Amino acid sequence: MTEDVYAFALKTTLNEIQNVCPDITNTFMFKENGEIIAGDEDTPEKTMVRVVDSFDGILEKAEAIGGIEGITLEASKGRVYVSKVNDTYLVTVTSKKADIQYVNTVTRVLVPTVLKLLEKISPTPLKNTLQLPEAKLEEPEPIEETEELTEELTTEKLEEETVEPEIQPETPMNQLIVENLGGLLVPSDTVRIDREILSQWEELYEGKKIGEVEIETFDGKMTQCKVKPIKSSKYEGKGIIQMPEKIQSALEIKKGELVRVKPIIY
Amino acid sequence: MVKKKKSSKEIVTETEPLAIEEATPETKLRENLEEIKTYEGVIGYILRNSTSAAIDLKDPTKIIDYAILSSSALEASEELSELFNLGETHNIVVEGKDIKVLSLTVDENRISIFADKDVDFGKILKKLH
């Protein structure tokens, strides 16, 4: 099962939850390190990033209360529930009139079941930090899609007929949150990401050193630049990409926004 | 005659401020929080406003962590409410494995109550409103 299918399965589950409970207005899931796994089609990516950002302070001090199990926000027009499912958090926003028990039954049963099922079928995506190119599923190009489908079918047929000598690893893609990178000696053409992500990529490509990455914004703007591991422990393991101002302005993005990053292999 | 007038004024000025102090909503809030603290399972509270802050926790080693958690929860609640257009924030409950925290704003006062997991916050909320 590819990561695309994995993300698609979760996204479909979240959309179905909304169909079953129309009082649920938004749902999405994110990992402990802040990476967004999947979201329903009504919740913009930027909103999800801002929500995850707003939980930063709580999650940082979660140890003081033995780790977070759930968060409930009550407001005059609705509620927000955050529940922990394995190592992921499920965010559910409901209207004021929503039947809490029904919402809880659906979310606390359906989501863990799907997660369990997916982990049984394909345990990899939840256990590593490889991210899902979700927007690719959201932005299908109608004309090309049919071509791609026929191409895929032909390839599948060919694969069935001939035995492939070596399976090439699928290019991994991570969703990372932009953080400013400044200073006198900071090169303007280099971004910094988690050492762990770089190691995983290098492992995937049999030890090849990753020196460059391709960055893509959700508006479709792309750039290639050098990459180095994050120096400050403050930003480690948080799904952050430290980016000089020059690259940020080239991509027309700013701190707190989400970008897709993948390694460039020569 | 003059002496008598002076003494009556003095009495008036002495009693007036005392009466105002008793009626302050903040004083009442503090009294309520002190009572809440005696409830079974309640670990303590943090009360903050623009002029003062009061922290009363059974375990003083966790004061900083709890204070950050309290302000983070209240900030998150405001942010979430704005993002999802949920209107006025009533309260936010952060449940941990061992402890849970109820945070809310009453007038200008930002309050967080720390309690064991089995404590019912419904009774506490009634007391605070």
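This one's a predicted model, so the numbers in the text were calculated from it and none came from an experiment.

Concerning the sheet that holds strand E1 (residues 24-31) of chain A
On the basis of which strands lie adjacent, the open sheet formed by ten strands has the order E2(A)-E1(A)-E5(A)-E4(A)-E3(A)-E3(B)-E4(B)-E5(B)-E1(B)-E2(B) and antiparallel pairing. Pairing within the sheet leaves two strands with one partner each, and these edge strands are strand E2 (36-39) of chain A together with strand E2 (53-57) of chain B. Strand-to-strand twist across the sheet, computed as the mean angle between neighbouring axes with direction ignored, equals 15 degrees. Here eight bridges tie strand E4 (residues 99-106) of chain B to strand E5 (residues 109-116) of chain B, and the two strands are oriented antiparallel to one another. Its bridge partner lying in E5(B), B:Ile99 is registered against B:Asp116. On top of the sheet, helix H4 (residues 100-121) of chain A reaches E1, strand E4 (78-85) and strand E5 (88-95) of chain A; it is set at about 150 degrees to E5(A), its chief contact. Each of strand E1 (42-48), E2 and E5 of chain B is contacted by helix H2 (residues 25-37) of chain B, which is oriented at about 165 degrees to E1(B), the strand it contacts most.

Section: the interface of chain A and chain B
With 29 residues of chain A in contact, the opposing surface of chain B contributes 32 residues. At the boundary of chain A with chain B, total buried surface from both sides reaches about 2700 Å², with 65% on carbon and sulfur atoms. It is A:Lys61, A:Ile65 and A:Leu73 that lose the most area in chain A upon contact with chain B, and together they represent 23% of the buried surface on that side. For the pair chain A and chain B, the number of links is three salt bridges. Between B:Lys117 and A:Glu69 there is a salt bridge, with its nearest N and O atoms 2.6 Å apart. Taken together, the connections running from chain A to chain B amount to 14 residue pairs in polar contact (both at pLDDT 80 or more). Among the secondary structure elements, those contributing two or more residues to the side of chain A that touches chain B are helix H2 (45-54), helix H3 (56-60), strand E3 (68-75), E4 and E5 of chain A. Considering every element that reaches the side of chain A that touches chain B, the biggest residue donor is E3(A), with eight residues.

Focus on the nonpolar core
When a protein is soluble and globular, its nonpolar side chains tend to lie buried together. Of all hydrophobic cores here, the largest spans 42 residues; its most connected members are A:Phe55, A:Ile58 and A:Val80. A total of six residues in this core trace back to one element, the largest contributor, which is helix H3 (residues 63-83) of chain B. A domain split of this core shows at least three residues from each of domain 1 (3-132) and domain 2 (174-263) of chain A. Grouped together as the second largest cluster of nonpolar side chains are 20 residues, B:Leu29, B:Tyr45, B:Leu47 and B:Ile124 included.

As for H3(B)
Residues and elements named next belong to chain B. Spanning 21 residues, H3 covers 30 Å between terminal C-alpha atoms, matching the ideal 30 Å at 1.5 Å per step. Regarding H3, the residues found buried are Tyr66, Ala67, Leu69, Ser70, Ser71, Ser72, Ala73, Leu74, Ala76, Ser77, Leu80 and Ser81. Within two residues after H3, asparagine 85 carries a phi angle of roughly 50 degrees, on the positive side.

Topic: the pattern of salt bridges
Applying the stated criterion to the full structure yields 16 salt bridges over all chains. For B:Glu79, the salt bridge goes to A:Arg50, with nearest N and O atoms at 3.2 Å. With B:Glu79 in helix H3 and A:Arg50 in helix H2, this residue pair bridges two chains. Judged by relative accessible area, which is 24%, B:Glu79 ranks as partly exposed. Across the pair B:Asp65 and A:Lys61 runs a salt bridge, and its minimum N-O distance is 3.1 Å. Taken together, the positions of B:Asp65 in helix H3 and A:Lys61 in the loop between H3 and E3 put the pair across two chains.

Basis of the calculations
- Position numbers for residues count from 1 along each chain, tracking the sequence in the order it is written.
- Chains carry letters and ligands carry numbers; both start at the beginning, A for chains and 1 for ligands, and go up in the order they are written.
- Residue-level local features of this predicted model are given only where pLDDT is at least 70; pairs of side-chain atoms are given and counted only at 80 or more, and the full residue set underlies all totals for whole chains, interfaces and linings.
- Computation of side-chain values covers all heavy atoms of the structure but excludes hydrogens and water.
- Strands pair, by our definition, only if DSSP identifies at least two bridges between them.
- Only DSSP runs of H or I covering at least 4 residues are called helices, and only runs of E covering at least 2 are called strands; the numbering of each starts at the N terminus.
- For helices, the axis comes from a line fit to the C-alpha atoms of the stretch in contact; other axes are also lines fit to C-alpha atoms, and the angle between any two N-to-C directions lies between 0 and 180 degrees.
- Two residues form a contact once any of their heavy atoms are found within 4.5 Å.
- Buried area is calculated as the accessible area (1.4 Å probe) missing from two parts once they are joined, with the contributions of both summed.
- A carboxyl oxygen of Asp or Glu within 4 Å of a side-chain nitrogen of Lys or Arg is what we treat as a salt bridge.
- Identification of polar contacts relies on pairs of N or O atoms within 3.5 Å, with a donor-acceptor requirement for protein atoms, meaning one able to donate a hydrogen and the other able to accept it, and with residues adjacent in sequence counted only if both atoms are side-chain atoms.
- For our purposes a nonpolar core is just a set of buried Ala, Val, Leu, Ile, Met, Phe, Trp, Tyr and Cys residues, chained together by side-chain atoms within 4.5 Å.
- The rule is simple: take the accessible area with a 1.4 Å probe, protein chains only, and divide by the maximum for that residue type; under 20% is buried, over 50% is exposed, in between is partly exposed.
- How far each domain reaches was decided by an automatic or database domain assignment.
- What a helix is expected to span follows from its residue count: subtract one and scale by 1.5 Å.

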